[in-house]
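Structural description and commentary
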Amino acid sequence: MELNSKDKKNNPILEYAILAGVVIVFLIFIFQIRTGDVNFCRAIFKDLAGGRYGVQKYIDWEHFQGLDIDVAATYNSFATQKEKTGYKKAFIQSFSRGFKNAGGRYKAFVNWRIYSKAGNQITVAADYQGRNQTLLFTLPSAGKKKLIALQWQ
């Protein structure tokens, strides 16, 4: 069976459309990889600032260093799960209350980006507009993503 001239003309268009589709999917995939850690940190910070207890599952409480506080040491000093849960709730509520009382606004954090990748950690940064400060979020580069540290620079 021979293709007529009309089918021959449409064939390259279909091939180009498929190629363009593959390129678009590839670019979206690459963009998602690059922004995944940044978006993860944004979500954690928004939930912490909002006092949402559900954020606790994204924090590595056994190793967490938060704003010059050794949260992990306090958390690990509690013997029972009930005490540890109470501490998580108190920390999240205190963070949210302190953020709001200091006049903090989530939207004032701009220029979210990957700050560094060193060894087994990734650091995400966000600039606090108008205060000339940067908030750094530390995550493991492999394995389950959980916040390890949150520090001002």
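Notes on the structure follow. (Residues numbered from 1 in each chain as written. Predicted model: local features only at pLDDT ≥ 70, side-chain atom pairs only at ≥ 80, totals over all residues. Heavy atoms only, no water.)

Observations regarding the side chain of Lys-84
Residue placement: Lys-84 occurs in helix H3 (residues 81–101). Although Lys-84 is buried, it makes no salt bridge; Glu-62 carries the closest opposite charge, 5.2 Å away. If near-sequence neighbours (up to four positions away) are discounted, Lys-84 is found in contact with Tyr-75 and Phe-78. (Helix = DSSP H or I, 4+ residues; strand = E, 2+ residues; numbered from the N terminus. Buried < 20%, exposed > 50% of the residue type's maximum accessible area, 1.4 Å probe, protein only. Lys, Arg positive; Asp, Glu negative; His and termini not counted. Salt bridge = Lys/Arg side-chain N within 4 Å of Asp/Glu carboxyl O. Contact = heavy atoms within 4.5 Å.)

A short note on the pattern of salt bridges
In the structure shown here, the tally under the stated rule is 3 salt bridges. As a salt-bridge pair, Lys-145 and Asp-37 come within 3.4 Å of each other at their nearest N and O atoms. Residue Lys-145 is found in the loop between strand E4 (133–140) and strand E5 (149–152), and its partner Asp-37 is found in helix H1 (residues 5–49); the two are separated by 108 residues along the sequence. A relative accessible area of 12% places Asp-37 in the buried class. Between Arg-52 and Asp-47 there is a salt bridge; the shortest N-O distance is 3.5 Å.

Geometry only, nothing functional implied.
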